[in-house]
Amino acid sequence: RAVRTIDVDALAAGIGAGERAALARAITLVESTRADHRELAQQLLLRLGPEPGGVVSNRVGITGVPGVGKSTFIDALGMYLLGKGHRVAVLAVDPSSTRTGGSILGDKTRMARLSLEPDAFIRPSPTAGTLGGVAKATRETIVLLEAASYDVILVETVGVGQSEVTVANMVDVFCFLTLARTGDQLQGIKKGVLELAELVAVNKADGKHEMEAKSAARELQGALRLIHPHDALWRPPVLTMSGLEGHGLDKFWDTVLEHRRVLTDAGEFAEKRRRQQVDWTWTMVHDQILRRLADNPAVKSVRAEVESAVRNGTLTPALAAERILGAFDS
Ligand code: GDP
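Just so it is clear, the model here is predicted, and its values are computed rather than measured.

A. Spatial organisation of the pattern of salt bridges. Under the definition given, this model contains 18 salt bridges. A salt bridge links Asp-9 to Arg-47; its shortest N-O distance comes to 2.4 Å. Linking Asp-9 in helix H1 (residues 8-16) with Arg-47 in helix H3 (residues 35-48), this pair joins segments that are 38 residues apart in sequence. Assessed through its relative accessible area of 45%, Asp-9 is described here as partly exposed. Note that Asp-75 is salt-bridged to Arg-113, the shortest N-O span being 3.2 Å. Placement of the pair is Asp-75 in helix H4 (residues 70-83) and Arg-113 in the loop between helix H5 (97-100) and strand S3 (120-123), with a sequence separation of 38 residues. Judged by relative accessible area, Arg-113 falls into the partly exposed class, the value being 44%. Put simply, Glu-258, Arg-261 and Asp-265 are held in one network by salt bridges that share partners.

B. Structural context of the site of the ligand. Taken together, the neighbourhood of the ligand is formed by 15 residues, with Gly-67, Lys-70, Thr-72, Arg-110 and Asp-206 sitting nearest. Between the ligand and Gly-67, the relevant distance is 2.7 Å, taken from an oxygen atom to a main-chain nitrogen or oxygen of the residue. For the ligand, a nitrogen atom lies 2.6 Å from a polar atom in the side chain of Asp-206. Protein coverage of the free-state accessible area of the ligand, which is 580 Å², stands at 69%.

Rules behind the numbers
Residues numbered from 1 in each chain as written. Predicted model: local features only at pLDDT ≥ 70, side-chain atom pairs only at ≥ 80, totals over all residues. Heavy atoms only, no water. Salt bridge = Lys/Arg side-chain N within 4 Å of Asp/Glu carboxyl O. Helix = DSSP H or I, 4+ residues; strand = E, 2+ residues; numbered from the N terminus. Buried < 20%, exposed > 50% of the residue type's maximum accessible area, 1.4 Å probe, protein only. Near = heavy atom within 4 Å. Polar contact = N/O pair within 3.5 Å; in protein donor to acceptor, adjacent residues only side chain to side chain. Areas by Shrake-Rupley, 256 points an atom, 1.4 Å probe, with all protein chains shown as cover.

Here you go:
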């Protein structure tokens, strides 16, 4: 019904002209799960193509547990970057939103100053579908935002399940915000996130917590040294900052740019984006195949029988897998 009124060329032109309404409509289109919308969304993305004049945007992932100060920091960093002449977009990847139907991330009220700025754009996590679906919509939204001349894209997530890996795979630099932790408390940090992080920041380094934060940063730096080899192209630095007081924002942003320069000089920056595109392609192929497998009537019909044979020990798991795949192929 509404589809007939969507003119992809007009939408692309509106986005290019920086019209917020066109951008918002386009994002709604890439978030839609309707087949006709999906097709229009792909036509639109093809029209917009890669960034004119090569890669200018910075895509920055930001993770940290609730309460670490992400929204306060993003609000402050966003204002700092607007002051430097950037256009700033904030997206969220919140896997819990697909269950609760609402997102605690990307809520405009959490970024009180930034949300009022004409050169800022804040969008909460899509609330439909799987993490894979949210990731797809978010990646496509990044393309739309860049076409609308947003040159800083901040993607926020909390450390739930696979969401950190998902975000790390769609950004140029992945940043982990943490609080001052030392000794045993360090063990509480998910090891996986330290492996993904390209920048670590001990936040809330203000007032009486400043010294504590500095010593926690030193300890974290030690822990990171064990993870990343000496000859690695980039060894993640540990910064201290205060989103509330706005301390360390310049150092944070300089580090993001330094990371970009090091990767660019090694020929790795653009290559990383190309690799992410190819990896994403295969991720979608895998997701689709799994969905088709689960939905396949022949697989459904043998499923219970095969599972019970495996439980009874009358069928080995390897033979059972062959039966299931045989049903899928037939
Ligand atoms: P989020 O859940 O990670 O987005 O965290 P918020 O930005 O909502 O911050 C959680 C709480 O920590 C709020 O009460 C903030 O006022 C406070 N907070 C955030 N950043 C700082 C900071 O840099 N220093 C201090 N002392 N408090 C902060």
